[in-house]
Amino acid sequence: MVTSTVQAPQSYAFPSFEERLEGPLTKTQITTLQINLGRKCNLACAHCHVEAGPRRTEELSEYACDQLVELIERFDQIQTVDMTGGAPEMNYGFRPILEAARRRGKKVIVRSNLTIYFVDGFGDLPEYFAKHQAHVVASLPCYLQDNVDKMRGHGVFDNSIKALQWLNKLGYGSDPNLNIDLVYNPPFPMSEDFSLTPDQVGLQAAYKKHLKEHFDIVFNQLYAITNLPVGRSKRYFERSGLLNPYLRFLSDNFNGVTVPGLMCRSQLSVDYHGNVFDCDFTQMEDMPALNETGKALKVADFLEADSLDLIKPVQTDDYCYGCTAGCGSSCGGSLT
């Protein structure tokens, strides 16, 4: 008699992120205000956790804009205003908030897709950024054209190169007051043969060499960011049957040294309605920041309390392993 054996499916069980920490994740002093101005964007990138695009219409309300300007003007401890989207430049409130922050001497980060400069109505942005000494952080997930266009759309690489050359002519990358940083996102895995995000130092050297030799482009720093399964990335992992295996891989590579530097600990993340979150990822997963009684917080609560120290504790989920695997990952790149 012939018998067959059915192999049991591989287990992808792993401890939750909360269990791995062995205690709540808490805030330090708030020094960064990150604002998601809306989901309007001229691109619809495959890796976008915000799921922004040309058909999205959500943007900052006038009321929320006024509250954010008041928050920036009132709290000196906010050192950095980090503006994101969507294409933040396309959404209501972008310029009033940027100018309010610069008047108060705060660092302003604009997370730009670069191609927006070639859209009608936005051609003055490079000069505007230089005038206000905005720190431009630009997505360039690879220095090779095919890889960029596959992830972000046909023609994106060429326009990104033109935009970087434009910024360089204005002094970005050479003037110490005009910083331009690039962001690397790894391609999506096609199988369970996962790998950690490459070493940021070595990758930065490769980017600088290639962009200088081929396009005479200079930039300050490269941020190597891990793909977190949130938004479009999450849907890709789900469709591919890779979500649980990927989370297990990230869990297996958890590095406790990264925890003290997690960006969620020192920032407030605000959406276009004025709701407050611990980071952009919890914002996309609709996990609001909570006070000690469990109330979901809004910008108005911080203004009423005249304090930024209302959150206890930081909200976490298993995708947080993406920020703590290997060298760690944040909006500022590797953590170690």
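Description of the structure in this document. (Residues numbered from 1 in each chain as written. Predicted model: local features only at pLDDT ≥ 70, side-chain atom pairs only at ≥ 80, totals over all residues. Heavy atoms only, no water.)

### Digging into the packing of aromatic side chains
For step 1, the next point in the chain: Under the defined criterion, the tally for this structure stands at 17 aromatic pairs.
For step 2, the next point in the chain: Between the aromatic rings of Tyr-128 and Phe-129, the centroid separation amounts to 6.4 Å while the plane-to-plane angle is 55°, which identifies the pairing as tilted. Across the pair, Phe-129 and Tyr-128 agree in class, each one buried.
For step 3, the next point in the chain: Judged by centre distance (5.5 Å) and plane angle (45°), the ring pair of Phe-194 and Phe-249 falls under tilted. With Phe-194 in the loop between β5 (180–184) and α7 (200–215) and Phe-249 in helix α9 (residues 243–252), the pair connects residues that are 55 residues apart, well separated along the chain.
For step 4, the next point in the chain: Note on Phe-194: relative accessible area 13%, which makes it buried. (Phe/Tyr/Trp six-rings, centres within 6.5 Å; stacked < 30°, edge-to-face > 60°. Buried < 20%, exposed > 50% of the residue type's maximum accessible area, 1.4 Å probe, protein only. Helix = DSSP H or I, 4+ residues; strand = E, 2+ residues; numbered from the N terminus.)

### Thoughts on the pattern of salt bridges
For step 1, the next point in the chain: One pass over the full model with this rule turns up 15 salt bridges.
For step 2, the next point in the chain: One salt bridge connects Arg-103 with Glu-73, and the closest N-O pair in it is separated by 4.0 Å. In this pair, Arg-103 is assigned in helix α3 (residues 94–103) and Glu-73 in helix α2 (residues 62–74), connecting sequence segments 30 residues apart.
For step 3, the next point in the chain: A residue is classified by how much of its surface remains accessible, and Arg-103, at 60% relative accessible area, is exposed.
For step 4, the next point in the chain: A salt bridge links Glu-213 to Lys-209, with the shortest nitrogen-to-oxygen separation between them at 3.1 Å. (Salt bridge = Lys/Arg side-chain N within 4 Å of Asp/Glu carboxyl O.)

### Side note on the side chain of Gln-267
For step 1, the next point in the chain: Tracing the backbone shows Gln-267 in strand β7 (residues 267–270).
For step 2, the next point in the chain: Among the polar contacts listed, one links the side chain of Gln-267 to the backbone oxygen of Asp-278, at a separation of 3.4 Å.
For step 3, the next point in the chain: Setting aside residues up to four positions removed in sequence, Gln-267 forms contacts with Lys-27, Ile-30, Thr-32, Gln-34, Asp-278, Cys-279 and Asp-280. (Polar contact = N/O pair within 3.5 Å; in protein donor to acceptor, adjacent residues only side chain to side chain. Contact = heavy atoms within 4.5 Å.)

### Description of the state of the cysteines
For step 1, the next point in the chain: Tallied over the full model, the rule gives 0 disulfides.
For step 2, the next point in the chain: The thiol sulfur of Cys-279 is not disulfide-bonded, and the nearest other cysteine sulfur, from Cys-264, lies at 5.9 Å.
For step 3, the next point in the chain: The cysteine Cys-327 is free of any disulfide, with Cys-323 supplying the nearest cysteine sulfur at 13 Å. (Disulfide = S-S within 2.5 Å.)

### A closer look at unusual backbone geometry
For step 1, the next point in the chain: A cis amide bond links Gly-85 with the next residue in sequence, Gly-86, at an omega value of 25°.
For step 2, the next point in the chain: For the bond running from Lys-312 to Pro-313, omega is -15°, close enough to zero to count as cis.
For step 3, the next point in the chain: Residue placement: Pro-313 occurs in the loop between α11 (299–305) and α12 (321–324).
For step 4, the next point in the chain: Positive phi, normally seen in glycine, also occurs at Asp-216, with a value near 55°.
For step 5, the next point in the chain: The class for Asp-216 is exposed, based on a relative accessible area of 51%.
For step 6, the next point in the chain: Phi at Asp-306 takes a positive value of approximately 55°, unusual for a residue other than glycine.
For step 7, the next point in the chain: Within the secondary structure, Asp-306 sits in the loop between α11 and α12.

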